[in-house]
Amino acid sequence: MNKQFLIVGQGIAGSLLAYNMYKTGINFKIISSLELRKASDIAAGLFNPIVFKRLTKSWMVDDCLPVMFDTYRELEKLLGHKFVYEKNIIKPLTEQEKQMWQERRGEDNLANYIADIGINNVGKGIKGEYSYGKITNSGYVDVPKLLKKLRKFFKKEGLIIDSYFDYKDLGFIDDQISWHGLMAQTIVFCEGYRAVDNPYFGDLGFRPTKGELLEIYCEGLQEEYILNKNMFVMPVGDHRFKVGATYDWDKLNEEVTEEAKSNLLSKLEELIDLPYKVLNQWAGVRPTVSDRRPILGIHPLHERIAIFNGLGTKGVMLAPYFAREMSRFLSVSDYPLSEEIDIKRFLK
């Protein structure tokens, strides 16, 4: 295939779109500056097939989860590193919640994801006399490590340009676009929350969300499961745990705050009864969308400008499936996108 694509951004969206193009022989270059932080750089990478609030399956989980596992395992083989860690999620339940879980377990194929209810002993360090629900097909992906290794791989292949992208440098020549002398058929913006400043796509339904995350050291706390009770406590090895996360729709910056730290630690202390030490604190901005669905497609007035964004809080699970969809859409004539994720839904 002689078509050339430019991908702006090397977060989880841009990286997996590039990987799909690489697999299928599509020509591309990634433009990404190491100086720009990405939400993916600090992401916990948690994947959970259940929406606890409503006790329903996560949107498109039956389609996305198999592609997710296949894709990350392919990348483990390609890059020679482990990225996927399968761990069941344990959720403490009140008696009322326990009854609801028991009733819902047999509905809508939830039995594929709710492994057990009413566990009495799930390891050391957890407060309270709870019943527990156990979620399977869950765990986390080491996203920062994955992106770092992919960047190194793309760099070796000559497929990544370490540069800040300025929209003023984008030009149009005949039926192609140009950037610093590079010519391409299409440019695909995968900028995460920075899409709000994109002159072509800034007026879509983006509603970015700041999130903060802690890493703690807690010797003695069980490391077999991910705990979830108004937060998550995710074991990452050697008595270290990632604890998160907060949600802030107003202060959209990447600065950590004492307020978020205190909020997370107060919830943590309601859940565990062991001493701990805070090792790290991170902040990032998630590229969330008003209708909580990804945004894929071509600009309505500029047929050479495309977007792949809006993966939000479920990005680690959604990215492999929709990166494949975006790659097919860009390379296969008349390939249809679902109305739920097509950019056209904001243009009606």
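Residues numbered from 1 in each chain as written. Predicted model: local features only at pLDDT ≥ 70, side-chain atom pairs only at ≥ 80, totals over all residues. Heavy atoms only, no water.

## Looking at the packing of aromatic side chains
In plain terms, the rule: Here the aromatic set is Phe, Tyr and Trp, taking the six-membered ring for Trp, and pairing holds for ring centres within 6.5 Å; pairs whose planes are under 30 degrees apart are stacked, those over 60 apart are edge-to-face, and all others are tilted. Think of it this way: any DSSP run of H or I at least four residues long counts as a helix, any run of E at least two long counts as a strand, and we number them from the N terminus. Type-normalised accessible area, obtained with a 1.4 Å probe on protein chains alone, sets the label of each residue: buried when under 20%, exposed when over 50%, and partly exposed for intermediate values. The criterion is that NZ of a Lys, or CZ of an Arg, lies within 6 Å of the ring centre and within 35 degrees of the ring normal, and then a charge sits over that ring.
All chains considered together, the criterion is met by 14 aromatic pairs. A centroid spacing of 6.0 Å and a plane angle of 90° characterise the contact between phenylalanine 28 and phenylalanine 154, whose relative ring orientation is edge-to-face. Here phenylalanine 28 is found in strand S2 (residues 27-31), whereas its partner phenylalanine 154 is found in helix H5 (residues 143-156), with 126 residues between them in sequence. The exposure class assigned to phenylalanine 28 is buried, which follows from its relative accessible area of 3%. An angle of 5° between the planes, with centres 5.6 Å apart, marks the rings of tryptophan 59 and phenylalanine 322 as stacked. Of the two residues, tryptophan 59 sits in the loop between strand S5 (56-57) and helix H3 (61-79) while phenylalanine 322 sits in helix H7 (residues 315-331), which places them 263 residues apart along the sequence. The structure contains a cluster of three or more aromatic residues connected by ring pairs, namely Phe165, Tyr167, Trp179, Phe189 and Phe201. The ring of tyrosine 85 has lysine 82 sitting right over it, with the charged end atom 5.0 Å from the ring centre. Between the NZ or CZ atom of arginine 286 and the centre of the ring of tyrosine 247, over which it lies, the distance is 4.1 Å.

## A short note on unusual backbone geometry
With an omega dihedral of -5°, the bond running from glycine 244 to alanine 245 counts as a cis peptide bond. Among the structural elements, alanine 245 can be located in the loop between strand S19 (240-244) and helix H6 (258-271). Although it is not a glycine, methionine 60 adopts a positive phi angle of roughly 60°. Within the secondary structure, methionine 60 is located in the loop between S5 and H3.

## With respect to the sheet that holds strand S13 (residues 176-179)
Worth spelling out the cut-off: Here a strand pair is declared whenever DSSP counts at least two bridges between the two strands. Angles shown run from 0 to 180 degrees and are taken between the N-to-C directions of axes, each axis being a line fitted to C-alpha atoms and, for helices, limited to the stretch in contact.
A sheet is described by the order of its strands in space; here three strands give the open sequence S12-S13-S14, paired in antiparallel fashion. Both outer strands of the open sheet, strand S12 (170-173) and strand S14 (182-184), are each paired with one neighbouring strand and no more. Strand after strand, the sheet turns through a mean of 30° between neighbouring axes, direction not considered. Where S12 meets S13, four bridges bridge the pair, whose relative direction is antiparallel. In the sheet register, leucine 170 faces S13, and the bridge partner there is tryptophan 179.

## Details of the nonpolar core
For clarity, the cut-off: Think of a nonpolar core as a cluster: buried Ala, Val, Leu, Ile, Met, Phe, Trp, Tyr and Cys residues, connected wherever their side-chain atoms sit within 4.5 Å. In what follows, residue pairs with any heavy atoms lying within 4.5 Å of each other are defined as contacts.
Counting residues in each nonpolar core, the largest one holds 69 residues, and the members touching the most others are Tyr72 and Phe308. When near neighbours in sequence (up to four residues on either side) are disregarded, phenylalanine 308 contacts Ala13, Leu17, Val188, Phe189, Cys190, Ile295, Leu296, Ala319, Phe322, Ala323 and Met326. Phe189, Ala195, Leu204 and Ile343 belong to the second largest nonpolar core, which has 20 residues in total.

## So, the packing of helix H1 (residues 12-23) against H5
Where we set the bar: Put simply, angles under 35 degrees are roughly parallel, angles over 145 are roughly antiparallel, angles from 65 to 115 are roughly perpendicular, and the rest are oblique. The handedness criterion is simple: a crossing whose near helix is rotated anticlockwise from the far helix by less than a right angle is left-handed, and one whose near helix is rotated clockwise is right-handed.
Contact pair H1 / H5: the axes reach a minimum separation of 11 Å and the direction vectors enclose 45°. Taken together, the axes of H1 and H5 lie oblique to each other. Considering the relative orientation of H1 and H5, their crossing is left-handed. Where H1 abuts H5, its residues Ile12, Ser15, Ala18, Tyr19 and Tyr22 lie against Val143, Leu146, Leu147, Leu150, Phe153 and Phe154.

## Some words on the sheet that holds strand S11 (residues 160-161)
Strand order across the open sheet formed by six strands is S11-S2-S1-S15-S22-S21, with mixed pairing between neighbours. Bordering the open sheet on either side are S11 and strand S21 (295-298), each of which pairs with just one other strand. Relative to S11, S2 is paired through two bridges, and the arrangement is parallel. Paired with isoleucine 31 across the bridge in S11 is isoleucine 161. Sheet strands touched by H1: strand S1 (4-8), S2, strand S15 (186-189) and strand S22 (305-309). Its angle to S1, the strand with the most contacts, is close to 160°.

## Points about H6
As a reminder of what qualifies: A helix is expected to span 1.5 Å multiplied by its residue count minus one. Note that the arc is computed from the directions linking the helix axis to the C-beta atoms.
For H6, which comprises 14 residues, the first-to-last C-alpha distance of 20 Å matches the rise-based estimate of 20 Å (1.5 Å per residue) to within 8%. Of all the residues in H6, the buried ones are Ala260, Leu264, Leu265, Leu268 and Leu271. Angularly, the buried residues of H6 cover 125° about the axis, an arc narrow enough to put them on a single face. Of the exposed residues in H6, the ones pointing more than 90 degrees away from its buried face are Glu258, Glu259 and Glu270.

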